[in-house]
Amino acid sequence: MSVADQSGDARSESFTSGLSVSDFAAVLAMGLEPVGLVQGFCAMQSSSYAVGSLQRNLSPYREARGYVENYQCPHGMVAGEHRMWGQNYEQYWVEETWNQGFASASARMLDEATRLGAVGVMGVVDTQSTLAGAGVTEFHFRGTAVRLAGTDSAPSTPWTTYLSGQRLLKAFEAGFAPVSIVTAVASVRVWAYCITEYLLGGGGISAWSQDASTVEIDQVVRAQSQARALVRASARAQLHGDVLQGVDLIATQHEYEHGDIEIQCLLRGNRARRVGDFVPLRAPDATVRLS
Amino acid sequence: MSAPFDPTASDARELVRTALASGAAERATGAATTSDLSIDEELNLHAIGWESVELVTGYSMFSTPVGLWSWGQGEIVAAAQAHANAFRMAAARISDEAAAAGAHGVVGVHVERAVHPSYTEVSLIGTAVRPIGAGRVPATRVFASDLSARDFARLAASGWEPLGLAVGASFVYAPRRTMGAVLQQQSQNVELANYTEAIYSARELAMERMQRAAIDLKGTGVVEVKIVEGPMAFASHAVGFAMWGTVVRLAGSSHQNVEPTMVVSLDDAALAFDAATLE
Amino acid sequence: MTDHANDLPEATEHRLEELEHGLFTSDLSVNEFLLVKEAGFHPVGLVMGSSIYHTGIQTRKWSQSQELTKLTEAMYNARELAMNRMEEEAAELGADGVVGVRLDVNYYEWGKDAAEFIAVGTAVKAEDGVSRRNKLGKPFTSDLSGQDFWTLSQTGYAPQGLVMGTCVYHIAHRGLGQTLGTTGQNVELPNFTQALYEARELAMTRMQDESARLGATGVVGVRLEEKSHQWGSHTIEFLALGTAVTKTGEPVTLAKPTTIISLDN
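Residues numbered from 1 in each chain as written. Chains lettered and ligands numbered in written order. Predicted model: local features only at pLDDT ≥ 70, side-chain atom pairs only at ≥ 80, totals over all residues. Heavy atoms only, no water.

Novice: Any chance you could explain the overall build of chain A here in plain terms?
Specialist: Helix and strand content of chain A: seven helices and eleven strands. Per-residue burial for chain A yields a buried fraction of 51% across its 291 residues. A separation of at least 24 residues holds for 74% of the contacts in chain A among residues at least 6 apart in sequence. Counting every atom, chain A has about 13,000 Å² of accessible surface; 54% of that belongs to carbon and sulfur. (Helix = DSSP H or I, 4+ residues; strand = E, 2+ residues; numbered from the N terminus. Buried < 20%, exposed > 50% of the residue type's maximum accessible area, 1.4 Å probe, protein only. Contact = heavy atoms within 4.5 Å. Areas by Shrake-Rupley, 256 points an atom, 1.4 Å probe, with all protein chains shown as cover.)

Novice: How should I be thinking about the interface of chain B and chain A in this particular structure?
Specialist: Reports of interface size often rely on the accessible area that becomes lost once the parts have come together. Contacts between chain B and chain A engage 70 residues on the former and 69 residues on the latter. For the pair chain B and chain A, the number of links is four salt bridges. Across the salt bridge formed by Glu54(B) and Arg236(A), the nearest N and O atoms sit 3.3 Å from each other. Along the contact surface separating chain B from chain A lie 17 residue pairs in polar contact (both at pLDDT 80 or more). (Salt bridge = Lys/Arg side-chain N within 4 Å of Asp/Glu carboxyl O. Polar contact = N/O pair within 3.5 Å; in protein donor to acceptor, adjacent residues only side chain to side chain.)

Novice: How do you make sense of a negative patch on the surface when you look at a structure like this?
Specialist: Residue and element names in this part refer to chain C. Negative charge collects at one region of the surface, where Glu13, Glu17, Glu20 and Glu92 lie side by side. Among the elements that make up the negative patch, the one with the highest residue count is helix H1 (residues 10–20) (three residues). Locating Glu13 in the fold gives a position in helix H1. (Patch = residues over 30% accessible without salt bridge, like charges linked within 9 Å, V, L, I, M, F, W, Y side chains within 5 Å. Lys, Arg positive; Asp, Glu negative; His and termini not counted. Charge placed at Lys NZ, Arg CZ, Asp CG, Glu CD.)

Novice: Looking at this model, I keep getting lost on the sheet that holds strand S8 (residues 218–227) of chain C. Mind explaining?
Specialist: All names here are of chain C. Read from one edge to the other, the open sheet built from four strands follows the order S3-S7-S9-S8, with strand pairing classed as antiparallel. The open sheet is flanked by strand S3 (66–67) and S8, the only strands paired with a single partner. Where strand S7 (residues 157–170) lies against strand S9 (residues 235–247), 13 bridges are found, and the strand directions are antiparallel. Its bridge partner being in S9, Ala158 is matched across the sheet by Thr246. Together, S7 and S9 form the strand contacts of helix H4 (residues 146–154), whose direction differs from that of S7 by roughly 125 degrees. (Pairing = 2+ DSSP bridges. Axes fitted to C-alpha atoms, helices over the stretch in contact; angles between N-to-C directions.)

Novice: Would you explain the environment of Gly49(B) in this entry?
Specialist: Residue and element names in this part refer to chain B. Structurally, the position occupied by Gly49 is in the loop between helix H2 (39–47) and strand S1 (50–63). Separated by 46 residues in sequence, Gly49 and Ser95 have C-alpha atoms that sit 21 Å apart. When residues no more than four places from it in sequence are discounted, the contact partners of Gly49 are Arg130, Pro131 and Ile132.

Novice: How should I be thinking about the pattern of salt bridges in this particular structure?
Specialist: Opposite charge on two side chains permits them to pair, given that their charged atoms come into close proximity. Residues and elements named next belong to chain A. On inspection of all chains with the given rule, the structure shows 32 salt bridges over all chains. Where Arg268 meets Asp126, a salt bridge forms, and the shortest distance between an N and an O atom there is 2.8 Å. Here Arg268, found in strand S10 (residues 260–274), pairs with Asp126, found in strand S4 (residues 120–131); they are 142 residues apart in sequence, far enough to count as distant. Asp126 matches Arg268 in its accessibility class, with the two residues each being buried.

Novice: How should I be thinking about the packing of helix H4 (residues 149–157) of chain B against helix H2 (residues 30–38) of chain C in this particular structure?
Specialist: The axes of two packed helices give the description: the angle between them and the distance between them. Axis separation between H4(B) and H2(C) bottoms out at 9 Å; the angle between their running directions is 20 degrees. Judged on the interaxial angle alone, H2(C) and H4(B) are roughly parallel. Once H4(B) is placed against H2(C), the crossing between them reads as left-handed. Residues Arg150(B), Asp151(B), Arg154(B) and Leu155(B) of H4(B) lie in contact with H2(C), whose contacting residues are Val30(C), Asn31(C), Phe33(C) and Leu34(C). Grouping the constituent residues of the contact of H4(B) with H2(C) by class yields four nonpolar, one polar and three charged. (Parallel < 35°, antiparallel > 145°, perpendicular 65-115°, else oblique. Left-handed = near helix turned anticlockwise from the far one by under 90°. Nonpolar A, V, L, I, M, F, W, Y, C, P; charged D, E, K, R; others polar.)

Novice: Help me understand H4(C) in this model?
Specialist: Think of an α-helix as 3.6 residues a turn; residues three or four steps apart then line up on the same face. Where H4(C) is concerned, the buried positions are Gly146(C), Phe149(C), Trp150(C), Thr151(C), Leu152(C) and Gln154(C). Phi for Gly156(C), located one or two positions after H4(C), is positive at around 85 degrees.

Written out as structure tokens, the structure reads:
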């Protein structure tokens, strides 16, 4: 069913939804009603593979943008394979690709929701699939559009949230109104200089000297910490004073070849606005379930 | 908050309607916070007078000497050192970040650890928390705990407080059997005493290190100890043991009983028939 | 059981010493910890026992269903050793019992036909100082979770020990003629039925014998596990496990349970 067909049906009795029965019950209890399953796609060409190998031929002193950190070899001895310098750099072009993919796909989902006259989209699920080799990443968002029961028109841009059903109701009860889903990405590449390369390969300390002190690999630790800081800063910049709840932060590390590491941090969460005070929970009853 | 928002309204419909209306009408006024806690956990935390402040992380990677995992005897000391150091640094960093955000502790710490042939890495992610509106404390007094916010709240309600993570790990080479022994034992059912001893002591070492860490934190107990053990994926003749848990002590004068009641759930048990155990 | 049981490694002694000075460790969840406290016990430490056993071969007759007594013995002794060592640790801590016992089997690549049997649990001690050890004067053991342990304490029963019975059985291969004869038919295979039945009976009976030795009134939470370990599909170990319990003089505090429907997803 195309978007156009769906919006034609919006005022009829039938609807589609990705909600479970208990979530559906919660939606009704909240005075909302589902109007349809909405989704948005966007496929982006990601150029990270090509650019990654290009970087190596660039000077460490190229124009800095985003996070860049240089590591200079302290040895001064020159051999063809000796890595005289190393660099941690933010792959802002990868981040831009992802951010645009997220933005386009979610805008399309919102567009569908708006056409259905929805006030919000709940139970959002997002997936990113990479067609490796082709260098294409596909972004996909879907969720259930809802409107206020008995109301036809939506006043403004629909809100979005990963929460659905009872959990969303609890958020309302806790004094929060959903604003939007938040996605953020950080991509940092590590091009190891001689010392990092040496340590990643198992250092040079003999395994047989039992008191050998182990060494922290500073360059990678810096890159990992920066990637985590960048992704959180990017999410924070989207909050405008609201709170971010239920955050999921996933950090992955991929070593393309020895001493060439890509770190990606992906963050998603729910931006919510405080509209009332927390009402303290009644002290919970401790129970033991007999089965 | 001029909108007539009444969270105690018995009618959920009215509550949602007013919340949405005031959400759309007003701009945010408070300080932005980030948290990976679920809404249930936020509520649990609030019930004991704490709040979430910020999502915090700690990461460390330590190099281990080349050739470490090839055949040898006894404990692989450097591997245990790298593991301990990586944990210590990652924990220190997550506490630093939490202290900088004005928090008193980190709950729900998600522990990821990986032992590679030439390096060991530890990644910690959790939510920094503090008693509502409380002031700053130095990083050394900020605890990191892998207990969920719910469990943290439950422990606090019973009079206990977390002090930090205690970790212990050890790696050993499996002892070799001589050819004679192999032939002799081939058709026998016997205990391999030297194996038992090697594995046993390695596990004991890991436990002992975890306990030492707990004592150093002035704890009186370690709860929810996780145990990861088994042969290393890249070197099957080496066996690794790692265990960690949250160090706790009684904060008040005595333990508060929870006095549970028994309940019978009317939910359908989601039981699948397991052909292997016939259960 | 054997003379191995009394010599705990040196590292263990040191670790246990720390535990005696007031620190406890436990793999119980927070909920279980609170319920163990509720039942009037305090955790004193994570205890374990381990035994690496070489389970050799035993000649099997292709066409005959029979118990492989040597293997049965090996499987039993290995677990018994692990359990005894765990009890030993608990006794050293002055514990009254061990809850949440898990019995695991690990296989290592380097040890062909060698398996490690491990028993891990949390040693507990009664807070009122009255000994709750079993008839044999040893700490009781139990595979009950913290929740079940508390519930059991409400019923006026006390655990005595984790009891087990095992039986390794070889199930006959069928002759080629028989296989052809029954291909495409839905028929009962009497030798299979008979063999499985007998093996389970043996395991259960042995478990009950253990419980009788503890003077128990009954066994709760019995599980029957079937494992082929590394012997191929025709040789199966049947393992019966449960917690032997006796009635205590303590008053039954069992309240009428409330019925609920959980709204959790």
